[in-house]
Structure formats: structure tokens, C-alpha cells
Amino acid sequence: MADAEHPCDLDGDPSLDPSLGQEIVRRIDALSAISETPDHLTRIFLTPEHRAAADLLLSWMREAGMRTHLDAIGNVCGRYEGDRPGLPCLMLGSHYDTVRDAGKWDGPLGLITAISCVGAMHKRGQRLPFAIEVIGFADEEGVRFASTLLGSRAVAGTFDESVLGAKDRQGISMREALSQFGLDPGRIGAAARSRSELHGYVELHIEQGPVLECESLPVGVVTAISGATRLAASLTGMAGHAGTVPMLLRRDALAGAAECIAAIEAFCRTDEGGLVGTVGYIHAMPGATNVIPGQVSFTIDIRSASDAHRKLAVADIVRQIETIARRRKLLLQVDVTHDNRTVPCAPWLRRQVADAIAGEGYRVFELPSGAGHDGMAMIDVADVAMVFVRCRGGISHHPDEHTDTSDADAGARVLLRLIENFRPRGAADSA
Ligand SMILES: [Zn+2]
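S.K.: Any details on the overall build of the chain? Residues and values, ideally.
M.R.: What the chain contains, in helices and strands, is 13 helices and 16 strands. Radius of gyration (C-alpha) of the chain: 25 Å, near the 22 Å computed for a compact globule of 431 residues. Projected onto its principal axes, the C-alpha coordinates of the chain cover approximately 85 × 55 × 50 Å. Buried residues in the chain amount to 51% of all 431 residues.

This is the structure:
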């Protein structure tokens with residue numbers, strides 16, 4: 001008390017505006033209090049917590065001078081008009097759903113930073129020759145209905161109506177959940193935007209990886225959201241007695257899988273094009289201490305910011321594991337279970353992100369996003385760019401996820417500078 005009243009204590013002076021970073025962190029904390037369970041942050045699509053979070057976000061948008069609405073899929077939408085009404089907009093945003101036992105920064109940082117940047121302009125009465133829209137996507141993580149990017153697909157006009165019949169663990173369909181939330185599933189088509197309404201989509205997000213921390217940088221420019229190929233592999237050999245079958249007569253499926261996994265890791269580690277590969281799941285049958293494994297299934301996840309490079313790598317990897325299987329007399333089955341194209345960030349928008357980073361005095365560093373984001377859907381309706389903000393230890397989808405207030409502030413200053421200096425595509429090209 002005594003310290004706060006001391007005239008030299010500027011930190012405690014309520015007449016001074018807090019930094020954008022402080023305001024953002026305060027809001028991140030307030031939003032993270034809205035959770036299914038008090039000790040673990042879980043905020044799933046179309047739950048009562050999701051609704052309460054939407055209401056809080058909409059109130060912050062209104063405070064920042066925006067006209068707001070909730071669209072038919074549950075996206076929170078705010079619009080800050082330009083110097084005359086009805087102009088095309090620069091769209092900013094991220095998602096406000098979470099995984100189970102989540103961190104509080106994944107999604108909300110980008111959304112809240114965008115709201116705070118608009119709030120800063122509103123306070124100054126600043127209007128630009130374009131509108132700004134901030135959008136909080138209702139579902140990016142896909143936890144409840146095992147279908148991701150629902151919010152951004154609705155905005156991009158690529159929402160697949162057949163997923164309305166998908167059911168959650170309780171047997172509630174998405175159609176029913178939307179109605180219970182107070183939304184009209186029949187109006188999802190109306191959430192779609194047209195390309196002429198949008199100058200571009202820019203998302204700020206925590207990196208969810210350790211690269212910026214290694215570079216000692218608070219922010220970075222994203223080059224592309226890496227495409228991913230997932231494969232399901234199975235090797236079949238012959239189960240047998242662990243004591244009686246001599247080593248040279250065995251067809252051990254698990255030893256074969258181990259050799260495949262080591263080969264995949266070595267292949268990706270020696271790749272110079274930034275390829276990453278992961279075997280994240282393995283299951284051996286029959287799975288007993290004294291039985292030679294006769295059958296093994298495992299998954300392979302390969303990502304790269306270049307589709308051509310990823311496709312060649314996948315073909316090489318499949319050839320290598322075919323060779324291993326043949327040598328070990330194992331039967332190999334490989335199926336592609338998932339294939340996502342790379343989403344390149346638009347060069348003209350990337351340049352403006354880089355200029356904003358340099359303008360704030362930071363070294364411009366470019367990196368791909370290995371994680372998926374709403375931009376993967378938004379590319380169908382707008383050019384896309386992303387700003388990454390450093391997070392501690394690269395930890396994400398975990399309660400230990402953390403971003404320093406000073407880094408949140410750096411991200412906000414970069415985004416605000418980007419908005420204030422933004423030139424739509426035609427103007428940017430001729431400049
Ligand atoms: Zn996210």
C-alpha cells in the first residue's frame with residue numbers, strides 16, 4: 001500500500017496505460033478461468049464454458065469499438081470500420097476452443113492480441129482506409145467431433161455439411177449441440193465470406209516449438225503451414241516360442257519395425273530440406289514376453305513446408321521400409337491415412353509482417369509452422385500470413401505452455417505496426 005502511494009512509483013500509477021502485453025496477459029488469465037474443470041483448462045466446442053468464453057470475447061470486442069455478432073457455427077466476429085463504412089477488411093484472428101488439459105495461450109493469444117490492437121486504435125480514434133475484422137474461431141482443435149477447423153471452414157465456405165451428423169462421446173450430434181447452443185445449423189452457409197470482402201487473413205499464434213527460443217527472438221515470420229502425410233504401416237512375420245526358434249530362423253515383426261523406425265529417423269535427420277518424421281504409435285501382437293512378435297502396426301507422420309519435397313521423401317521412406325521387410329521376409333502393408341497440402345503464406349503479406357518485425361527493432365527470422373492452424377482453411381477465401389510468438393521451451397497442448405508478458409507485448413506491437421502500415425495487395429505490389 002505504502003509503496004503504491006509513493007509518488008516515484010510509476011509502476012503503481014493507475015493513470016499510466018499498461019502495456020498492450022500486460023492487458024493481453026490479464027485477458028488471457030481471465031479467459032483461462034472459463035474451463036470445464038477448475039484445475040485443468042478444457043474448453044470444448046459448444047459447451048456452456050465455450051458459450052461463456054464467447055460472451056466475454058464479444059464484450060472485449062465491443063469495448064474495443066467493434067460491432068459484434070456470433071455466427072452460425074459459433075465464431076465470435078467483430079468489425080471495426082475503416083474511414084468509411086463497408087470497406088473490405090483485413091481479417092485477424094485465431095481460435096478459442098482448447099484441447100483437454102490445455103495451455104492458455106494456444107489460440108487465445110492471437111485472438112486477444114488482435115482485439116487489444118483494435119482497442120488501442122479505437123482509443124486514439126484512429127481509422128484506416130480499410131476495415132479490420134477480428135474473428136475467434138469456434139473450433140480449431142476438433143476435440144469434440146473429431147473434425148478440425150470447423151470455424152474457419154465455415155468462414156471459407158468449405159464447411160462439409162455431412163459432419164453435422166457426427167456424434168460426440170455422449171452420442172450428441174453436432175446438429176443437436178449447435179441447436180442447444182442457440183445456433184441454427186441451417187444457417188452455417190451464411191457464415192461464409194467472399195474473397196472480395198477480405199484483403200487477407202493474418203494470424204498471430206504461439207510457435208508451439210522451440211526454434212524462436214533457440215534464436216533468442218520474441219517473434220518470427222511464418223513461411224508456410226507445413227503439409228503432412230500420415231501412413232499406417234503393418235508388418236507381418238511369424239509368431240513363435242521365444243526359447244525354441246533360433247535367431248536366424250525368425251521372422252520377428254517387431255525387430256523389423258524397430259529397423260524401419262531407425263531408418264525413418266535417420267532419413268529425416270539427414271534431410272537438408274527441414275523434413276520432420278515421427279513414429280508416434282506402435283502396437284505389437286501378440287505382445288507377450290515369451291513370444292516372438294508376429295504382427296506389428298505403427299504410424300508414420302511426415303511433414304515439410306514443400307509438398308514436392310514431402311512426396312519424394314514419403315516415396316523414399318516407403319521404398320526403404322519395403323527393402324527392410326523383404327530382407328526380413330516380412331509382409332508389409334502401407335496405407336496413406338491423411339494427406340494435407342502445404343499452405344504457403346502469401347509473399348506480399350509475409351513481406352509486410354517482416355517489415356513490421358524489423359520496424360520494432362527485431363531481427364527478421366523466417367520459419368515454417370509444423371502445426372496446423374486456421375490458415376489451412378482460410379487460404380480458400382483469402383491470402384494468409386502468420387506471426388509466431390516465442391513460447392517457453394516450445395511446450396504446447398500442455399498446462400506448462402507459457403509466453404512472457406514482454407513477448408506478448410512484442411507480438412502486439414508487431415501486429416499493431418502491421419495493421420497501421422498495411423497496404424492491400426494491389427497497392428503493395430505497385431509500391
Ligand atoms: Zn492453436
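S.K.: I'd like to hear about the pattern of salt bridges, residue by residue, with values.
M.R.: Following the criterion strictly, the structure yields 28 salt bridges and no others. Here Asp301 ties to Arg230 by a salt bridge, and the two come within 3.2 Å at their closest N and O atoms. Separated by 71 residues along the polypeptide, Asp301 in strand S12 (residues 295-304) and Arg230 in strand S7 (residues 227-236) bring together distant segments of the chain. Look at Asp301 and you get buried, because its relative accessible area is 14%. Overall, the relative accessible area of 35% leaves Arg230 in the partly exposed class. Measuring nitrogen to oxygen at the nearest pair gives 2.9 Å for the salt bridge that ties Asp409 to Arg413.

S.K.: I'd love a proper account of the side chain of Thr113, names of residues and values included.
M.R.: Counting through the fold element by element, Thr113 comes out in helix H4 (residues 108-124). Look at Thr113 and you get buried, because its relative accessible area is 0%. At a separation of 2.6 Å, a polar atom in the side chain of Thr113 contacts the main-chain carbonyl oxygen of Leu109. The contacts of Thr113, once residues within four sequence positions are left out, are Ile24, Pro108, Leu204, Gly411, Ala412 and Leu415.

S.K.: Could you give an account of the coordination of the zinc ion, with specific residues and numbers?
M.R.: In the first shell of the zinc ion, the protein supplies His95 (NE2), Asp106 (OD) and His205 (NE2), at 1.9 to 2.2 Å from the metal. Counting residues between consecutive donors of the zinc ion along the chain gives the motif H-x10-D-x98-H. Of this pair, His95 sits in strand S3 (residues 89-95) while Asp106 sits in the loop between S3 and H4; the two residues are eleven residues apart in sequence, bridging distant segments of the chain. Across this residue pair, the class does not change: His95 and Asp106 are buried.

Reading the values: the criteria
Residues numbered from 1 in each chain as written. Predicted model: local features only at pLDDT ≥ 70, side-chain atom pairs only at ≥ 80, totals over all residues. Heavy atoms only, no water. Helix = DSSP H or I, 4+ residues; strand = E, 2+ residues; numbered from the N terminus. Rg over C-alpha atoms; globule rule 2.2 N^0.38 Å. Buried < 20%, exposed > 50% of the residue type's maximum accessible area, 1.4 Å probe, protein only. Salt bridge = Lys/Arg side-chain N within 4 Å of Asp/Glu carboxyl O. Polar contact = N/O pair within 3.5 Å; in protein donor to acceptor, adjacent residues only side chain to side chain. Contact = heavy atoms within 4.5 Å. Donors = N, O, S within 2.8 Å, 3.2 Å for Na, K, Ca; no water.

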